[in-house]
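Architecture and fold: a report
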Amino acid sequence: MASEIENKIMSLREAVELVPSGAHISLGGFTTQRHPMAFVHELIRQKKRNLHFYGHSPGGDLDMLIGAGCVKRVELAYEADEAFSRIGPRFRRAVEKGSIEWEDYSNFGMVQRFAAGAMGIPFIPTRTMLGSDIVEKEGFNKKTRSDPKIASKKLAIINCPFTGDKIVLLPAIQTDVTIIHAQVVDAQGTVRIYGQNFGDEQQAKCAKKLIVTCEEIVEPEELREYPEHNLIPFFRVNAIVKVPYGAHPYACYRYYDYDPEFLHMYHNEAKNDGTFLEFLNDYILGVSDWEEYLKKIGGDRKLRTLKADRKLGYAPRLKRR
Amino acid sequence: MELMAVAAAREIGDGEIVFAGTGLPMLGAMLAQHTNAPNCVIVFEAGAVDCKLAHLPMSVGDPRTMKSASTATGLFDVFSTVLQRGFIDVGFLSGAQIDAYGNINATCIGDYHHPKVRFPGSGGSGDIACLSKRTIIIAVHEKRRFPERVDYITSPGWIDGPWGRKRSGLPWGGPSAVITTLGVLRFDERTKRAYLASYHPGVTPKQAQEKTGFKLDVSRAKETEPPTEAEIKILREKVDPERIFLKKAEE
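A brief structural summary.

**Thoughts on the overall build of chain A**
- Each helix and strand counted, chain A has 12 helices and 11 strands in total.
- Taking 2.2 N^0.38 as the reference for a compact globule, 321 residues should give roughly 20 Å; the C-alpha atoms of chain A span a radius of gyration of 19 Å, in line with that estimate.
- The C-alpha extent of chain A, read off along each of the three principal axes, is 60 × 50 × 35 Å.
- Burial statistics for chain A: of 321 residues in total, 53% are counted as buried.
- Contacts in chain A between residues at least 24 apart in sequence constitute 73% of all its contacts with a sequence separation of at least 6.

Structure below.
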């Protein structure tokens, strides 16, 4: 393979062009941590439509995509910014209006499905969700299920062929494109993530195409000195985009914390259609790129308050209420 | 709120492995580490195992959960090799509705396909309910939150009685207490229905019954042991000095 000499480093605009409308996608991160937000903004600016979204616990990343009209269907376990919001307001609105299709699993269920896709097996057995309505009620209708890109049913419960015990089988997921935000990537594409990787490993490795946005791009020698600390080998990565603070308003361990002031503002604005549109125009559609957005949210002065303490990996003096 | 956090902490035995969610469970687990269970192991589903929290996290994936942790991987590892493998002694849960058998609804009010109100969904709650050895539920005690039967079982409790879990294929577990703003409910050994085990100071058993949507046996209820001054001091000064969750409840 010529991957080693291939130049994968590109602009955000070019990387987003790799995602067609209607694609089956997944985004890395977990509730208030490490979502590829710069990428999300550009997806919205490029007016992608009919996306099929797979997640475990997304937050404002999915909420903004839904609010901007980019999403047709979701398969997920949770949608909220945890302590900052009881639920993603745009997600709630869309479900209550019936303007998107949804399928519920549990977090463990979803990461197992990504893991099965990453391993190249068609399904994965699990003991979770038994006894719940998650296994009883299917969200997608027959028409959706007849789409060859979507599993023919939500799950199956069988008796284990070895013990006879009840067991749940979950269909594998292989996304068209997964996008994650990592702390460090080298110029060939080797990915290093500091802190918990959440479901990023399985989401990334189940993808047909993988795009990584990152805080820093370094020389391969630097990451190859400690290969045991790296998460994804270079040949799986199709595109690399350097976007410092690219997860704002969410936390990026060892780099910066979440932005409570912004998150409180977002959840306030996103409650109503009108104020959400203002938010969308002010912070996403009305700015040309991520640099302009960072200036808009308060520039260096704001970013300094979020900067992580070197030892702790977060900002201990951050005002969080 | 303080009383609930203290009650949650007291449910944790020393050395137990605890799965904690956002909010009160974090307060309870962190308090327990400072009081009755200094050796309890706090596990967060987003990946951190045995955190020694210095600052209260606002998310189970918060960078604050990394503080002095033993390992930090991700959901797949923690859910499969810790939870599903049977290592979680106690899991903390909450939800929008809790019924007489301790089933939790965190998904929707009304029909699943046409919900009147949509909630965030299971997250890890369904997993913790299925695969922890026991669970503690924390909830605001209001009639609409405590119906006879939840609209949607996101996280199974005893389902419909003593055989519900076994019949569904769940290998172990089940709820052992519901800590509410009014008291503590436990589950009858024989029927697995919730009864009032204790009522908080200033609350009467009658009030607890009035705020419950199903028939609540109050015959065994005693007054909840009030928090000690030391517990309150640690809670206010060490656990949540920023008053992130303590304040929220007062508002």
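**A closer look at the interface of chain A and chain B**
- Listed as interface residues are 53 residues of chain A and, on the opposing side, 51 residues of chain B.
- Contributing elements (two or more residues each) for the side of chain A that touches chain B: α4 (89–97), α5 (107–119) and α7 (200–205) of chain A.
- Ranked by residues supplied to the side of chain A that touches chain B, first place goes to α5(A) with four residues.
- The class makeup of the residues in the side of chain A that touches chain B is 21 nonpolar, 17 polar and 15 charged.

**Observations concerning the pairing of strand β2 (residues 51–54) of chain A**
All names here are of chain A.
- Judged by which residues are buried, β2 turns out to be covered on both faces: L51 and F53 on one side and H52 and Y54 on the other are all buried.
- Of the crossover connections in this fold, the one passing from strand β1 (residues 24–27) over helix α2 (residues 37–45) to the parallel β2 is right-handed.
- One crossover worth recording links β2 to the parallel strand β3 (residues 71–76) by way of helix α3 (residues 60–67), and it is right-handed.

**Focus: the sheet that holds strand β7 (residues 166–171) of chain A**
Residue and element names in this part refer to chain A.
- The strand order across the open sheet built from three strands is β5-β7-β6, with neighbouring strands paired in antiparallel fashion. Every other strand in the sheet has two partners, leaving β5 (123–126) and β6 (156–159) as the edge strands with one partner each. The average undirected angle you get between the axes of adjacent strands in this sheet is 35 degrees.
- The pairing of β6 with β7 spans four bridges and is classified as antiparallel. Note on β7: the bridge partner recorded for N159 is K166.
- Along the sheet, α5 contacts β5 and β7; its crossing angle with β5, the most-contacted strand, is approximately 145 degrees.

**Here we look at the nonpolar core**
- One finds A:L65, A:V212, B:A8, B:V18 and B:V43 to be the most contacted residues of the largest nonpolar core, which totals 181 residues.
- Look past the residues within four positions of A:V212 in its chain and what remains in contact with it is A:I180, A:A182, A:V185, A:V191, A:V237 and A:I240.

**Remarks on the packing of helix α1 (residues 2–10) of chain B against helix α2 (residues 24–34) of chain B**
All names here are of chain B.
- Relative to each other, α1 and α2 sit at 60 degrees, their axes nearing to 8 Å. Taken together, α1 and α2 sit at an angle that is classed as oblique. The chirality of how α1 crosses α2 is right-handed. When α1 is examined against α2, the residues M4, A5, V6, A8 and A9 are found in contact with a partner set consisting of L24, P25, L27, G28, L31 and A32.
- When grouped by side-chain class, the residues that make up the contact of α1 with α2 number 10 nonpolar, one polar and no charged.

**Notes on helix α7 (residues 229–239) of chain B**
All names here are of chain B.
- Residues of α7 that are buried include every one of E231, L235 and V239, and no others. Taken end-on, α7 shows its buried residues confined to a sector of 40 degrees, consistent with a single buried face. Those residues of α7 that are exposed and aimed more than 90 degrees away from the buried face are E229, A230, K233 and E237.

**Examining the packing of α2(A) against α3(A)**
Residue and element names in this part refer to chain A.
- Between α2 and α3, the shortest axis-to-axis distance is 10 Å and the interhelical angle comes to 5 degrees. Here α3 runs roughly parallel to α2, going by the angle between their axes. In contact with M37, V40, L43 and I44 of α2, α3 contributes D61, M64 and L65.
- Residues of the contact of α2 with α3, tallied by class, amount to six nonpolar, no polar and one charged.

Conventions we followed
Residues numbered from 1 in each chain as written. Chains lettered and ligands numbered in written order. Predicted model: local features only at pLDDT ≥ 70, side-chain atom pairs only at ≥ 80, totals over all residues. Helix = DSSP H or I, 4+ residues; strand = E, 2+ residues; numbered from the N terminus. Rg over C-alpha atoms; globule rule 2.2 N^0.38 Å. Buried ≥ 20, exposed ≤ 12 C-beta atoms within 10 Å, placed from the backbone. Contact = placed C-beta atoms within 7 Å. Nonpolar A, V, L, I, M, F, W, Y, C, P; charged D, E, K, R; others polar. Right-handed = clockwise from strand over helix to strand, strands pointing away. Pairing = 2+ DSSP bridges. Axes fitted to C-alpha atoms, helices over the stretch in contact; angles between N-to-C directions. Core = buried A, V, L, I, M, F, W, Y, C linked by C-beta atoms within 7 Å. Parallel < 35°, antiparallel > 145°, perpendicular 65-115°, else oblique. Left-handed = near helix turned anticlockwise from the far one by under 90°. Arc of directions from axis to C-beta.

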